[in-house]
Amino acid sequence: MSHDMIDRSLFEACAVLPGWNQNSRLEAWQNWQSMAMPTIRDEAWKYTNLARLEKIAFVRSPSTPSTLTLSDIPLTIPEDRFCFINGSFNPALSAPLNEDSYLLSQRAWPLVPNKLHTPRSYFERLNAAMLSDGLYLDIKSSTNRPIYLLLLQDKTVGSSQHHLRHRIKVHADVKCEIVIVDWGLADTTDLTTYLIDIELEEGAKLNCTHLKKAAMKGYHIRQTHAHLAKNSDFNHFNFDFGAKLSRNEISAHLNGEHAACQLNGLALARAQDHIDNQTQIIHLAPKTNSVEQYRGIIDDKACHVFHGRVLIDADAPDSIADQQNKNMLLTSTGQAYAEPQLEIYNQNVQCIHGATVGDIDEEALFYLRSRGLSDGIARQLLIFGFARNILESIEDKNLQNELALWIKTHLALDSELILELYEEHDHEDTL
Amino acid sequence: MLTIKNLHASIEDKAILRGLDLNIKPGEVHAIMGPNGSGKSTLASVLAGREEYQITAGTMHYQGTDLSTLTPDERAHLGLFLSFQYPVEIPGVSNLYLLKSALNAKRKQAGLEEMDAIDFLTIVREKMKLLHMDDSYLYRDVNSGFSGGEKKRNEILQLLLLEPSLCILDETDSGLDIDALRIVAQGINLMRNEERSILLITHYQRLLDYIKPDVVHILSGGKIVAEGDYRLATQLEAEGYEPFLQKKAGGD
């Protein structure tokens, strides 16, 4: 099997990272080479066609330093941040590294690559072979200040490719918030693969919001795998603003009793975007709880795929799982595929799921217009209202507001309208 | 003043209204009663501008303006308000936001300044008190998870706030228990004045025990078949629709 898209010279140009010997890397490369690229005949890629990707000849990431600055990102970014540009760590834009936050390129990385998640799939193996760097975050004490992880792609010459792998460990009883921002400015056809391993020890709580605004023409493939110990709480919010191909694979393994996860997502697809969300929630211990809510707003000729697997193991009695997927099609040319997949091996559990694909509710539109709102405002209200339910599940109110503005810009909604929706929300808090 | 002449309307090529005539003067309360399928709700929908209905003949004018040329929001700006038989749930949009933007849309149309949040809250709370509604209604999503009675009360709240000049109440009494019916009827009675016209669409006479209409019309087969004062409703309650349906009398 040969893959023209990543030439062997690109692999050979990859730096040798500590904790890796070139043989294991070569093994990863060979493993990847031995695999065929998934096609639409593969169940997991049924609605996402990679055929065009194979025809692209990717080049090395540029060695010239990027001139990107934080002001290129319309988001308030605090001091507690770590920034990668085109797959390389950028110390100038990052907080100092220390014992609790260090790079894969700096020292031997414990537990990499195989401890938590063995690369098996096509893109995981590619990531393992071509990995350039990654951040290890070892969070030992609770903080109210969110940590930002910025994964930026600047403009490059030719089709470049970036592969990063990060690991986040939240120690027992520690509560924290992480915001991951994928921001792409490239106007070329880039490929990025990011693999993020998350480990929550007993009683830990992590709110992790992932915003992705990838480059328009980009192929962006991300895997997030979370492992949850007893009494831990993982809240993941996946906001995807679209790309030529954006694939998010997220898994949460509820390994300990009373572990709970919330996986929420909002896909805002327009033009010819293709957003593919593949989630897995695996209940492996008794009294585990999962809530999942994914929504898609699909405009123009865009497409949103949601495949949500929930598995409740025989060893997970008294568990509760609730999965909802709703899609709003704004045009007749947009597409949405909703595939819930429940596998329940214990009778003593509660499991609810629902999936819908529909247009803007005409009855709701008429109702609002009969109250004197114009057709345009009424539509915007219904679209934003649909997104708002997901936004509201984020605890961080500042982030909620910023995201509301992103959504507003992305969907070209009336800004005053959105601000007012939030003003009134703030009002509620003060009552 | 609402003037409807020989109105014919259909949905998906099925004729529902077949020559309906109706005149409502300022300050009058009219009730339209009729059996299921007689066209009561179609009349309400056509007046409010629901797009699925086609007007195939006849005219409807309000204050001299041809309603059929106006969009639903333009009709609302003209002073028309429809209280829905089945108020729609709108997740993600709070009741407060809907009330405020509806009121401000109307004020803007009338050349008035938008009302600020404090003034607005004062007024809306006053109206809510009349309907025995607590503050939580404001912050809940529009009609989401509301009981049938709560939804109807919410319609009347909008009515009190927007102060339309023509109120069309489609089966407002359905789904209400006696206490809620009394509260809702009180709200509607508060709205009665010399300028405002009210059209009550109802299947049963019980709402008319609380709101005494000036004129009662009986609708059957898409046209008015009988008219009278409030006593017609009482007669209807005693005798049923059957005797009226036998008559071939058109509304005059």
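Only a predicted model underlies this, so the values are computations on that prediction, with no experimental measurement involved.

**Student:** Report on the environment of G228(B), specifying residues and quantitative values.
**Tutor:** Residue and element names in this part refer to chain B. Mapped onto the elements of the fold, G228 is located in strand β12 (residues 223-228). Counting along the chain gives 54 residues from G228 to S174, while the straight-line C-alpha distance between them is 23 Å. Setting aside its immediate chain neighbours within four residues, G228 contacts D214, V215 and V216.

**Student:** Give a description of helix α2 (residues 22-34) of chain A that names residues and reports values.
**Tutor:** Residue and element names in this part refer to chain A. For α2, built from 13 residues, the straight-helix expectation of 18 Å at 1.5 Å per residue is met to within 8% by its first-to-last C-alpha distance of 18 Å. Those residues of α2 lying buried are R25, A28, W29, W32 and Q33. The buried side chains of α2 occupy one side of the element, clustering within an arc of 135 degrees when seen end-on. Of the exposed residues in α2, the ones pointing more than 90 degrees away from its buried face are N23 and S34. Tucked inside the fold, the buried residues of α2 contact α1 (8-13) and α3 (122-130).

**Student:** How would you sum up the side chain of S38(B)? Please name residues and give values.
**Tutor:** Within the secondary structure, S38(B) sits in the loop between β3 (29-33) and α1 (40-48). If we ignore the near neighbours within four places in the chain, the residues touching S38(B) are L219(B), S220(B), G221(B) and G222(B).

**Student:** How would you sum up the interface of chain A and chain B? Please name residues and give values.
**Tutor:** Taken together, the contact pairs 26 residues of chain A with 36 residues of chain B. Buried surface at the junction of chain A and chain B, both sides included, amounts to about 2600 Å², of which 61% is carbon and sulfur. If you sort the residues of chain A by the area they bury against chain B, F366(A), Y367(A) and R371(A) come out on top, with a joint share of 29%. If you look at where chain A meets chain B, you find 4 salt bridges. Here E363(A) ties to R50(B) by a salt bridge, and the two come within 2.5 Å at their closest N and O atoms. For the pair chain A and chain B, the number of links is 10 residue pairs in polar contact (both at pLDDT 80 or more).

**Student:** Explain the packing of aromatic side chains to me, and be specific about the residues and the numbers.
**Tutor:** The final tally for this structure, using the stated rule, is 14 aromatic pairs over all chains. With a centroid separation of 5.6 Å and an interplanar angle of 50 degrees, the aromatic rings of W32(A) and Y122(A) are classed as tilted. In this pair, W32(A) is assigned in helix α2 and Y122(A) in helix α3, connecting sequence segments 90 residues apart. Like W32(A), the residue Y122(A) is buried in the burial classification. Pairing Y367(A) with F84(B) gives two aromatic rings, centres 4.8 Å apart and planes at 75 degrees, and the pair type is edge-to-face. Taken as a pair, Y367(A) in helix α4 (residues 362-370) and F84(B) in the loop between β6 (80-83) and β7 (90-94) lie in two separate chains rather than in one. Each of the two residues, Y367(A) as well as F84(B), counts as buried. By way of ring pairs, the aromatic residues F11(A), W29(A), W32(A), W45(A), Y122(A) and F123(A) are connected into one cluster. The side chain of R295(A) reaches across the aromatic face of F386(A), ending 4.8 Å from its centre. Against the face of Y137(B) rests R140(B), its NZ or CZ located 5.5 Å from the ring centre.

**Student:** Give a detailed account of the sheet that holds β12(B), specifying residues and quantitative values.
**Tutor:** In any sheet, the strands associate via hydrogen bonds between backbone groups, in a parallel or an antiparallel arrangement. Residues and elements named next belong to chain B. What the 6 strands build is an open sheet, ordered β6-β9-β10-β3-β11-β12; its pairing is mixed. The sheet is open, and its two edges are formed by β6 and β12, each paired on a single side. Taken over all neighbouring pairs, the strand axes of this sheet differ in orientation by 20 degrees on average, direction set aside. With 5 bridges joining them, strand β11 (residues 215-220) and β12 adopt antiparallel strand pairing. Residue pairing in the sheet places L219 in a bridge with I224 of β12. Contacting β3, β11 and β12, helix α8 (residues 231-239) runs over the sheet at an angle of about 45 degrees to β11.

**Student:** Give me the lowdown on the nonpolar core, citing residues and values where you can.
**Tutor:** In this structure, V181(A), F239(A) and L43(B) are the most contacted members of the largest nonpolar core, which totals 81 residues. Top contributing element to this core by residue count: helix α5 (residues 375-391) of chain A, with 9 residues. If you count residues domain by domain, this core takes at least three from each of domain 1 (8-359) and domain 2 (360-431) of chain A. If we skip the residues at most four places from it in the chain, V181(A) touches I73(A), L75(A), Y148(A), L149(A), L150(A), L151(A), L152(A), L211(A) and W406(A). M115(B), L162(B), L207(B) and L208(B) belong to the second-largest nonpolar core, a separate cluster that totals 49 residues.

**Student:** An account of the pattern of salt bridges is requested, with residue identities and associated values reported.
**Tutor:** Residue and element names in this part refer to chain A. Under the criterion given, the structure shown has 30 salt bridges over all chains. A salt bridge links E12 to R8, with the nearest nitrogen and oxygen atoms 2.7 Å apart. With E12 and R8 both in helix α1 and 4 residues apart, this pair spans about one turn of that helix. Take E12: its relative accessible area is 51%, and that puts it in the exposed class. Accessibility expressed as a relative area gives 39% for R8, which makes it partly exposed. Note that E343 is salt-bridged to R309, the shortest N-O span being 2.7 Å.

**Student:** Give me the sheet that holds strand β1 (residues 2-11) of chain B: which residues, what numbers.
**Tutor:** Residue and element names in this part refer to chain B. Spatially, the 4 strands line up as an open sheet ordered β2-β1-β4-β5, and their pairing is antiparallel. With one partner strand each, in any of the chains shown, β2 (14-24) and β5 (65-66) form the two edges of the open sheet. Taken together, the 8 bridges between β1 and β2 define a ladder with antiparallel strand orientation. Following the sheet pairing, I11 is matched in β2 by K14.

**Student:** Outline the pairing of strand β4 (residues 53-62) of chain B, listing residues and values.
**Tutor:** Residues and elements named next belong to chain B. With 8 bridges joining them, β1 and β4 adopt antiparallel strand pairing. By the bridge assignment, S10 is partnered in β4 with Q54. As consecutive antiparallel partners, β4 and β5 are separated by 2 residues, and within that stretch Q63 has a phi angle of approximately 50 degrees, a positive value.

**Student:** I'd like a description of the domain arrangement of chain A, backed by residues and values.
**Tutor:** Accessible area lost on assembly of the parts is the figure often given for the size of an interface. All names here are of chain A. What the domain assignment reports for chain A is domain 1 (8-359) and domain 2 (360-431). Computed from C-alpha coordinates alone, the two centres of domain 1 and domain 2 are separated by 27 Å. In this assembly, 36 residues from domain 1 lie in contact with 20 residues from domain 2. The largest per-residue losses of area from domain 1 upon contact with domain 2 belong to F241, R295 and M328, which jointly make up 22% of the total buried on that side. If you look at where domain 1 meets domain 2, you find 1 salt bridge. Between E395 and K205 there is a salt bridge, with its nearest N and O atoms 2.9 Å apart. Taken together, the connections running from domain 1 to domain 2 amount to 11 residue pairs in polar contact (both at pLDDT 80 or more). Counting only elements with at least two residues in the side of domain 1 that touches domain 2, the list comes to β7 (175-184), β9 (205-213), β11 (233-240), β13 (260-269), β15 (289-298), β17 (320-329) and β19 (350-359).

What counts and what doesn't
Residues numbered from 1 in each chain as written. Chains lettered and ligands numbered in written order. Predicted model: local features only at pLDDT ≥ 70, side-chain atom pairs only at ≥ 80, totals over all residues. Heavy atoms only, no water. Helix = DSSP H or I, 4+ residues; strand = E, 2+ residues; numbered from the N terminus. Contact = heavy atoms within 4.5 Å. Expected span 1.5 Å × (residues − 1). Buried < 20%, exposed > 50% of the residue type's maximum accessible area, 1.4 Å probe, protein only. Arc of directions from axis to C-beta. Buried area = accessible area lost by both parts, 1.4 Å probe. Salt bridge = Lys/Arg side-chain N within 4 Å of Asp/Glu carboxyl O. Polar contact = N/O pair within 3.5 Å; in protein donor to acceptor, adjacent residues only side chain to side chain. Phe/Tyr/Trp six-rings, centres within 6.5 Å; stacked < 30°, edge-to-face > 60°. Lys NZ or Arg CZ within 6 Å of the ring centre and 35° of its normal. Pairing = 2+ DSSP bridges. Axes fitted to C-alpha atoms, helices over the stretch in contact; angles between N-to-C directions. Core = buried A, V, L, I, M, F, W, Y, C linked by side-chain atoms within 4.5 Å. Domains from an automatic or database assignment.

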